[in-house]
Amino acid sequence: MGVLQPGRFRFVNNVVSVLGAPFCHGQPKPGAELGVGAIRRSGLLTQLQNMDWKIQDKGDLEFDAPKDDDVFGIMKRPRCVGNANLKIRDVVYQSCMENNFILTLGGDHSIATGTVAGHKMARPDLCV
């Protein structure tokens, strides 16, 4: 079982699912989508392996570009952000059900919504 054990801060199965979420449409400035590639090129996966983690690389998700009519009141791109987070949620949920530790690389801060939602779907008693 890979879930955290009471009173312990380690995963028993030592598998980390790495998910790239190069998404930038949750905020107005471009560039956040480049973070995933930079983190990967920095050698993160090798460093995790050196710490005895087994890597399950889920790859980088692809996201649709926002449409011009994607505005609701003062919110910009809510459909685009929502659809991106549904994709993230589904991959995070699958990894949680495999009892893996999930590491989501981003992207702008809006990707946290899908990451937390995937955990919550898998573990309804989750507290954040």
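Definitions and limits used
- Residues numbered from 1 in each chain as written.
- Predicted model: local features only at pLDDT ≥ 70, side-chain atom pairs only at ≥ 80, totals over all residues.
- Heavy atoms only, no water.
- Helix = DSSP H or I, 4+ residues; strand = E, 2+ residues; numbered from the N terminus.
- Buried < 20%, exposed > 50% of the residue type's maximum accessible area, 1.4 Å probe, protein only.
- Contact = heavy atoms within 4.5 Å.
- Areas by Shrake-Rupley, 256 points an atom, 1.4 Å probe, with all protein chains shown as cover.
- Lys, Arg positive; Asp, Glu negative; His and termini not counted.
- Charge placed at Lys NZ, Arg CZ, Asp CG, Glu CD.
- Core = buried A, V, L, I, M, F, W, Y, C linked by side-chain atoms within 4.5 Å.
- Axes fitted to C-alpha atoms, helices over the stretch in contact; angles between N-to-C directions.
- Parallel < 35°, antiparallel > 145°, perpendicular 65-115°, else oblique.
- Left-handed = near helix turned anticlockwise from the far one by under 90°.
- Nonpolar A, V, L, I, M, F, W, Y, C, P; charged D, E, K, R; others polar.

Undergrad: Outline the overall build of the chain, listing residues and values.
TA: Check the secondary structure of the chain and you find 4 helices and 5 strands. Starting at the N terminus and walking to the C terminus, you meet the elements of the chain as β-α-α-β-β-β-α-β-α. The principal-axis extent of the C-alpha atoms belonging to the chain is close to 45 × 35 × 20 Å. Every one of the 128 residues in the chain was classed for burial, and the buried ones make up 31%. Taking the contacts inside the chain whose residues are at least 6 apart along the sequence as the reference set, 70% of them involve residues at least 24 apart. Entry remark: accessible area of the chain is about 8100 Å², with carbon and sulfur atoms responsible for 59%. Once the 15 positive and 13 negative side-chain charges of the chain are each reduced to a mean point, those two points are 6 Å apart.

Undergrad: If you had to explain the nonpolar core to someone new, which residues and values would you point to?
TA: Grouped together as the largest cluster of nonpolar side chains are 15 residues, with contacts concentrated most on Leu19, Phe23, Leu61, Phe63, Ile88 and Val92. Going through the elements one at a time, strand E1 (15–21), helix H3 (78–97) and helix H4 (111–122) are the ones with two or more residues in this core. The dominant element in this core, judged by the number of residues it contributes, is H3, at 7 residues. Beyond its immediate sequence surroundings of up to four residues, Leu61 is in contact with Leu19, Gly20, Pro22, Lys87, Ile88 and Val91. If you look at the next biggest cluster of nonpolar residues, it comprises 6 residues, including Val16, Val36, Leu48 and Leu105.

Undergrad: Describe the packing of H3 against H4, naming the residues involved and giving the relevant values.
TA: Where H3 meets H4, the closest approach of the two axes is 7 Å, and the angle between their N-to-C directions is 40°. The angle between H3 and H4 falls in the class oblique. The handedness of the crossing between H3 and H4 is right-handed. For the pair H3 and H4, contact is made by Asn85, Ile88, Arg89, Val92, Tyr93, Cys96 and Met97 and by Ile111, Thr113, Gly114, Thr115, Ala117, Gly118, His119, Met121 and Ala122, respectively. The class makeup of the residues in the contact of H3 with H4 is 9 nonpolar, 6 polar and 1 charged.

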